[in-house]
Amino acid sequence: MTEHILDKENTPYFKLIYQTIHSDGVPDKVKHLIRQYPLQAYIDRLIPIFQEGQQAGDIIEGDPEELVGSYFTILSGIMVLGEGYRIPKADFVLRSIINHSS
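Quick caveat: nothing in here was measured; it's all calculated off a predicted structure.

Rules and cut-offs
Residues numbered from 1 in each chain as written. Predicted model: local features only at pLDDT ≥ 70, side-chain atom pairs only at ≥ 80, totals over all residues. Heavy atoms only, no water. Patch = residues over 30% accessible without salt bridge, like charges linked within 9 Å, V, L, I, M, F, W, Y side chains within 5 Å. Areas by Shrake-Rupley, 256 points an atom, 1.4 Å probe, with all protein chains shown as cover. Salt bridge = Lys/Arg side-chain N within 4 Å of Asp/Glu carboxyl O. Lys, Arg positive; Asp, Glu negative; His and termini not counted. Charge placed at Lys NZ, Arg CZ, Asp CG, Glu CD. Helix = DSSP H or I, 4+ residues; strand = E, 2+ residues; numbered from the N terminus. Buried < 20%, exposed > 50% of the residue type's maximum accessible area, 1.4 Å probe, protein only.

Time to look at a negative patch on the surface. Residues Asp44, Asp63, Glu65 and Glu66 make up a contiguous surface patch of negative charge. As for its position among the elements, Asp63 is in the loop between α4 (39–55) and α5 (64–81).

Spelled out as structure tokens, the structure:
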């Protein structure tokens, strides 16, 4: 998933979603569509995966919801910066959640 999001071919789609959420000039119909898929829904879907990773020792200890939220914050920041900035490789981003002691 991280590789897919960071792929230069896909970043315009994620940037469009971000701009739709945060721009004032977006039609109400579009904003309504975006609100049907809140970020919290994606966080909720990933929490069990992160919990499994923690139980297996693959993901660092900590509150899974906070870890998933932080993961998305990192990816969102990368998407907002966009062109002109180096997009890190997926393994670099994943180091923030991977348990290196296992």
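One pass over the full model with this rule turns up one salt bridge. Put simply, Arg95 and Asp91 hold a salt bridge, and the shortest N to O gap is 4.0 Å. Here Arg95 falls in the partly exposed class, since its relative accessible area comes to 47%. For Asp91, a relative accessible area of 46% puts it in the partly exposed group.

Among the secondary structure elements, Gln55 is positioned in helix α4. Residue classification places Gln55 among the exposed residues on the basis of a relative accessible area of 71%. Residues Gln55 and Ile43 lie 12 residues apart in sequence; the distance between their C-alpha atoms is 18 Å.

Don't take any of this as a statement about function, it's just geometry.
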